[in-house]
Amino acid sequence: MARSVQNWRTDFMQVHPRLFEVMYDEPERTPGYPLCGIGWRDILERLCSRIEHALANGDRFAFVCVEQKFGTLRLSWAGTLWDESNARVAQAIALAEARSACTCEKCGEEGRLYRHDGVWMTRCPADAKGEPVRIEAGLESFHVIRVTELRDMRVFFCRRYDRAADAFVDIPPDGLEE
């Protein structure tokens, strides 16, 4: 059992060869090697499945960084994608990052942000250390998304992440409190 827990990251990358350029002699040095807890493996599986379905012929994609930072999943990648693929990959990444903000990195159960000795982590109550981070009521799953930039104008819209549906729900501007 210890072997499968220890190597889940390597096993995970090998299942997704189109997304990871695995260094078989030193897999932990592979760009994109997941630096997060096993509780987020399901998030990563959903993410990779969405990305694999988004990629078109001629697209090139490889993870550069998959890590936990400030309690949530942070992802970066390199490659070239068609515009439609790029939009679908961006959506998949936004969903994964949003889900990580409400999923225990240790066990995968529903969680929230905690802070312990200056370290931020998303945990369920059973795995939590420290104190819950205070979040304004109504903003627990709130995300501001930048859609595009047109010269000096930026277009934004607001969404709420629905964990049960694993989807975003748009929030109309008049639904926001000042």
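Every value quoted in this text rests on a predicted model; they were computed, and no experiment measured them.

**Student:** How should the side chain of S100 be read in this particular structure?
**Tutor:** Summarising the element assignment, S100 is placed in helix α4 (residues 83-100). Overall, the relative accessible area of 0% leaves S100 in the buried class. Setting aside residues no more than four positions away along its own chain, S100 makes contact with W40, I43, G71, T72, L73 and T122.

**Student:** Explanation requested: α4 in the structure shown.
**Tutor:** Because an α-helix packs 3.6 residues into every turn, residues spaced three or four apart end up facing the same way. With 18 residues, α4 should reach 26 Å at 1.5 Å per residue; the first-to-last C-alpha distance of 26 Å fits that figure. For α4, the full list of buried residues reads S85, V89, A92, I93, A94, L95, A96, A98, R99 and S100.

**Student:** Explain the pairing of strand β3 (residues 112-116) here, please?
**Tutor:** Along a regular strand, successive side chains alternate from one face of the sheet to the other. Of the strand pairs in this sheet, β3 and strand β4 (residues 119-123) are connected by 5 bridges, and their pairing is antiparallel. Opposite R115, over in β4, you have W120 as the bridge partner. Pairing of β3 with strand β5 (residues 131-132), which is carried by 2 bridges, proceeds in the antiparallel orientation. Residue pairing for β5: R115 is matched across the bridge by E131.

**Student:** I'm lost on the sheet that holds β3 in this one. Help?
**Tutor:** Remark on secondary structure: sheet strands pair via backbone hydrogen bonds, oriented parallel or antiparallel. Sheet architecture is open: 3 strands sit in the order β4-β3-β5, paired in antiparallel fashion. Strand pairing shows two members of the sheet lacking a second neighbour, β4 and β5, which therefore form its edges.

**Student:** Can you help me understand the nonpolar core in this one?
**Tutor:** A general trend in soluble globular proteins is that nonpolar side chains are found buried together. The biggest cluster of nonpolar side chains holds 26 residues, and the ones touching the most others in it are L47, I51, F63 and L73. Breaking this core down by element, the ones donating at least two residues are α2 (8-15), α3 (41-54), β1 (60-69), β2 (72-80) and α4. L95, C102, Y161 and F168 belong to the second-largest nonpolar core, a separate cluster that totals 6 residues.

**Student:** What is the right way to look at unusual backbone geometry in this model?
**Tutor:** Only a minority of non-glycine residues have a phi that is not negative, and only a minority of peptide bonds are not trans. Within the chain, F70 stands out as a residue other than glycine whose phi angle is a positive 55 degrees. Tracing the backbone through its elements, the reader meets F70 in the loop between β1 and β2. A relative accessible area of 52% means that F70 is categorised as exposed. Residues other than glycine seldom take positive phi values, yet D117 does so here, at roughly 50 degrees. When you line up the elements, D117 lands in the loop between β3 and β4. Taking relative accessible area as the criterion, D117 reaches 71% and is therefore assigned exposed.

**Student:** What's the story with the environment of A92 in this structure? I'm lost.
**Tutor:** Residue placement: A92 occurs in helix α4. Expressed as a C-alpha distance, the spacing of A92 and L47, which sit 45 residues apart in the sequence, is 5.8 Å. When sequence neighbours within four positions are dropped, the list of residues in contact with A92 reads L47, R50 and I51.

**Student:** How should I be thinking about α3 in this particular structure?
**Tutor:** For α3, which comprises 14 residues, the first-to-last C-alpha distance of 20 Å matches the rise-based estimate of 20 Å (1.5 Å per residue) to within 8%. Those residues of α3 that fall on the buried side of the exposure criterion are I43, L44, L47, C48, I51 and A54. Here the buried residues of α3 occupy an arc of 130 degrees about the axis, which is enough to place them on one side. Against the buried residues of α3 lie α2, β1, β2 and α4.

**Student:** Got a minute to help me understand the packing of aromatic side chains in this structure?
**Tutor:** For any two aromatic rings, the description comes down to two numbers: the centre-to-centre distance and the angle of the planes. Tallied over the full model, the rule gives 6 aromatic pairs. Measuring from ring centre to ring centre gives 6.5 Å for W8 and F12, while their planes differ by 55 degrees; the resulting arrangement is tilted. Of this pair, W8 and F12 are both found in helix α2, 4 residues apart, which corresponds to roughly one turn of the helix. The buried category is assigned to W8, whose relative accessible area is 2%.

What counts and how
- Residues numbered from 1 in each chain as written.
- Predicted model: local features only at pLDDT ≥ 70, side-chain atom pairs only at ≥ 80, totals over all residues.
- Heavy atoms only, no water.
- Helix = DSSP H or I, 4+ residues; strand = E, 2+ residues; numbered from the N terminus.
- Buried < 20%, exposed > 50% of the residue type's maximum accessible area, 1.4 Å probe, protein only.
- Contact = heavy atoms within 4.5 Å.
- Expected span 1.5 Å × (residues − 1).
- Pairing = 2+ DSSP bridges.
- Core = buried A, V, L, I, M, F, W, Y, C linked by side-chain atoms within 4.5 Å.
- Arc of directions from axis to C-beta.
- Phe/Tyr/Trp six-rings, centres within 6.5 Å; stacked < 30°, edge-to-face > 60°.

Keep in mind these values describe shape, not function.
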